[in-house]
Amino acid sequence: EPEVTQTPSHQVTQMGQEVILRCVPISNHLYFYWYRQILGQKVEFLVSFYNNEISEKSEIFDDQFSVERPDGSNFTLKIRSTKLEDSAMYFCASSDRITETQYFGPGTRLLVL
Amino acid sequence: QQQVKQSPQSLIVQKGGIPIINCAYENTAFDYFPWYQQFPGKGPALLIAIRPDVSEKKEGRFTISFNKSAKQFSLHIMDSQPGDSATYFCAASGSNFGNEKLTFGTGTRLTIIP
């Protein structure tokens, strides 16, 4: 069964450093999302992406965040200058036009020290 | 208005019992209501979903009940098993041809004891 994959599974970084989280969505999907989950809390929407541009972004997704689809398979989330409060699990998701089901990847656990 | 309220926060049920998790929403533009199951260290996985044109949907041991007038929906797990122990999230979105963010509830940590 097709699945969303994410790399790395864990990332530890120093405050102020840039990180790039990578995702490979399901191959025939057209809609891509990033969500985050702070430990023990609910899953929160960050951004959605369609047709090579951002469709919607949340208040969390400020100027420090950016997304890109550099080729036909990868979808990346960049945090330019990480803060302590960026420590969370980051999930990538993708969906197709027909079912609207969003399939989530296993997540990247980001720890900012 | 964008929130989805979920209860209880945690739930312990004996094996074979029927845990019930409830969610409520305010935004009448929501018309897609999925439930996700999450095991520790894993991503949320879609369990079952419903649209407001039906009041109930069953898939295996999982049932969603939907009350459009009350803006509430709930998940029932029949014949619960220890393997069902996980965190369950309700969510909601509006239809936008697949391009719509999910708004999640706060989650329910379910424990099924043998």
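Below is a short write-up of the structure. Just so you know, these numbers come straight off a predicted model, no measurement behind them.

### A few points about the pattern of salt bridges
Residue and element names in this part refer to chain B.
- Tallying each qualifying case throughout the model produces five salt bridges over all chains.
- A salt bridge links Glu59 to Lys57; the shortest N-O distance between them is 3.6 Å.
- Here Lys57 falls in the partly exposed class, since its relative accessible area comes to 31%.

### Considerations on the interface of chain A and chain B
- Between chain A and chain B, the residue contacts involve 24 residues of the former and 20 residues of the latter.
- If you sort the residues of chain A by the area they bury against chain B, Lys42, Glu100 and Phe104 of chain A come out on top, with a joint share of 31%.
- Residue Lys101 of chain B is joined to Glu56 of chain A by a salt bridge in which the shortest nitrogen-to-oxygen separation is 3.2 Å.
- Across the contact surface, chain A and chain B share five residue pairs in polar contact (both at pLDDT 80 or more).
- Within the residue set of the side of chain A that touches chain B, elements represented by two or more residues are β4 (31-37), β5 (43-50), β6 (53-57) and β9 (88-95) of chain A.

### Considerations on unusual backbone geometry
- For the bond running from Thr7 of chain A to Pro8 of chain A, omega is -10 degrees, close enough to zero to count as cis.
- Relative to the helices and strands, Pro8 of chain A resides in the loop between β1 (5-7) and β2 (10-13).
- Here Ser7 of chain B and Pro8 of chain B are connected by a cis peptide whose omega angle stands at -5 degrees.
- Take Pro8 of chain B: it is sitting in the loop between β1 (4-7) and β2 (10-14).
- Within the chain, Lys71 of chain B stands out as a residue other than glycine whose phi angle is a positive 55 degrees.

### A word on the environment of Val112 of chain A
All names here are of chain A.
- Its place among the elements puts Val112 in strand β11 (residues 108-112).
- By relative accessible area, Val112 is classed as buried at 4%.
- Separated by 99 residues in sequence, Val112 and Thr13 place their C-alpha atoms 5.0 Å apart.
- Val112 has contacts with Thr13, Gln14, Met15, Thr82, Lys83, Leu84, Asp86 and Ser87, leaving out every residue within four places of it along the chain.

### Some points on the sheet that holds strand β3 (residues 19-24) of chain A
Residue and element names in this part refer to chain A.
- One open sheet accounts for four strands, arranged β1-β3-β8-β7; its pairing is antiparallel. In this open sheet, the two edge strands, each paired with only one partner strand, are β1 and β7 (65-68). Each neighbouring strand pair of the sheet contributes to a mean axis angle of 20 degrees, computed without reference to strand direction.
- Relative to strand β8 (residues 75-79), β7 runs antiparallel, the two being bridged by four bridges. Opposite Phe65, over in β8, you have Ile79 as the bridge partner.

Conventions used here
- Residues numbered from 1 in each chain as written.
- Chains lettered and ligands numbered in written order.
- Predicted model: local features only at pLDDT ≥ 70, side-chain atom pairs only at ≥ 80, totals over all residues.
- Heavy atoms only, no water.
- Salt bridge = Lys/Arg side-chain N within 4 Å of Asp/Glu carboxyl O.
- Buried < 20%, exposed > 50% of the residue type's maximum accessible area, 1.4 Å probe, protein only.
- Contact = heavy atoms within 4.5 Å.
- Buried area = accessible area lost by both parts, 1.4 Å probe.
- Polar contact = N/O pair within 3.5 Å; in protein donor to acceptor, adjacent residues only side chain to side chain.
- Helix = DSSP H or I, 4+ residues; strand = E, 2+ residues; numbered from the N terminus.
- Pairing = 2+ DSSP bridges.
- Axes fitted to C-alpha atoms, helices over the stretch in contact; angles between N-to-C directions.

So, to be careful, I would describe these as geometric facts and stop short of saying anything about function.
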